[in-house]
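Chain by chain, the residues run as shown.
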Amino acid sequence: MKLKLNIDSKYSEKEVHIFADKVDDKINQIINICNKKEKFKLFSIKDEKYIPINIDEVIRFYSLDKKVYCQTLKDTLIVKEPIYKLEELYSDKLIKISRGELINPDFIDYLDLSLTGTITIFFINKEKTYSSRRFIKEIKRSLGIWIIYIKKSIQVLQQVYL
């Protein structure tokens, strides 16, 4: 296998070109490496020990007293990364509900939309948190709540005008 590398400042985006007579195991490995996102391992601090965190077990990240906490089903831990960096890294898994809080929608038990302008979010571990008014639209879009409201609005309009 030949490898040709061309480094030049005129390229703003990285490209990989593969020339082969057929797709084999090596080609598939190269494709998998190119498609794989760079993994970032998140660590928490507990009793002066660094403990790895599995992002799939995280209920929420929140800031309190200039520290960022990670809440899981088992424990609440301190992490060094700021909220904005966690949001960038895990935007596909977490929803930002306020300036200082990200939640994992997989751990939501139910939502209470009765408070004016906010959403109370109840988690499966019986904890609750509140959204900021500024993030309501994004939360509803992320959770698909707008679709429910639109369908209900259409039904009400049909009943009134038909």
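On a predicted model such as this, the values are computed, not experimentally measured, just so you know.

## A closer look at the overall build of the chain
Right, on to step 1. Counting secondary structure elements, the chain contains 4 helices and 10 strands.
Right, on to step 2. Reading the secondary structure of the chain in the N-to-C direction produces α-β-β-β-β-β-α-β-β-β-β-β-α-α.
Right, on to step 3. Considering only residue pairs separated by 6 or more positions, the chain has 39% of its internal contacts joining residues 24 or more positions apart.
Right, on to step 4. If you sum the accessible surface of the chain, you get close to 13,100 Å²; carbon and sulfur atoms cover 52% of it.

## What to know about the sheet that holds strand 9 (residues 120-123)
Right, on to step 1. Read across the sheet, 3 strands follow the order 8-9-10 without closing on themselves; strand pairing throughout is antiparallel. Because the sheet does not close on itself, it has two edges, and the strands there are strand 8 (108-112) and strand 10 (128-130). Each strand axis lies, on average, 20° off the axis of its neighbour in the sheet, ignoring direction.
Right, on to step 2. As judged from the 4 bridges shared by strand 8 and strand 9, these two strands associate in the antiparallel manner. Across the sheet, residue Y110 finds its bridge partner in strand 9, namely F122.

## Structural notes on a nonpolar patch on the surface
Right, on to step 1. The grouping of V16, I18 and I31 at the surface amounts to a nonpolar patch, some 230 Å² of accessible area in total.
Right, on to step 2. One can find I18 in the segment before helix 1 (25-35).
Right, on to step 3. We classify I18 as partly exposed; its relative accessible area is 37%.

## Things to note about the packing of aromatic side chains
Right, on to step 1. Enumeration according to the criterion identifies 2 aromatic pairs in this entry.
Right, on to step 2. Between the aromatic rings of Y62 and Y69, the centroid separation amounts to 5.4 Å while the plane-to-plane angle is 20°, which identifies the pairing as stacked. Here Y62 matches Y69 in class, with each residue buried.
Right, on to step 3. Just above the ring of Y62 sits the side chain of R60; from NZ or CZ to the centre is 4.2 Å.

Reading guide: rules and limits
Within each chain, residue numbers correspond to sequence positions counted from 1 in written order. This being a predicted model, a pLDDT of at least 70 is required before a residue's local features are given, and a value of 80 or more before pairs of side-chain atoms are given or counted; all residues contribute to the totals for chains, interfaces and linings. To obtain the side-chain values, all non-hydrogen atoms of the structure were included, while hydrogens and water were left out. Strands are runs of DSSP state E lasting at least 2 residues, helices are runs of H or I lasting at least 4, and numbering of each runs from the N terminus. Only heavy atoms enter the contact rule, under which two residues are in contact if any of them lie within 4.5 Å. Each accessible area is a Shrake-Rupley estimate made with a 1.4 Å probe; only the visible protein chains count as cover when residues are assessed. Whether two strands pair comes down to DSSP finding at least two bridges between them. Every axis in this analysis is a line fitted to C-alpha atoms, fitted for helices over the stretch in contact. Angles between the N-to-C directions lie between 0 and 180 degrees. Within this analysis, patches are made of residues with over 30% relative accessible area and no salt bridge. Like charges are joined at 9 Å or less; nonpolar side chains (Val, Leu, Ile, Met, Phe, Trp, Tyr) at 5 Å or less. Throughout this description, the term salt bridge denotes a Lys or Arg side-chain nitrogen within 4 Å of a carboxyl oxygen of Asp or Glu. Burial status follows relative accessibility: with a 1.4 Å probe on protein chains alone, a residue under 20% of its type maximum counts as buried, one over 50% as exposed, and anything between as partly exposed. Classification of ring pairs uses Phe, Tyr and Trp, with its six-membered ring standing for Trp, and accepts pairs whose centres are within 6.5 Å; under 30 degrees between planes counts as stacked, over 60 as edge-to-face, and the remaining range as tilted. For a lysine, the NZ atom is tested; for an arginine, the CZ atom; a charge sits over a ring if that atom is within 6 Å of the ring centre and within 35 degrees of the ring normal.

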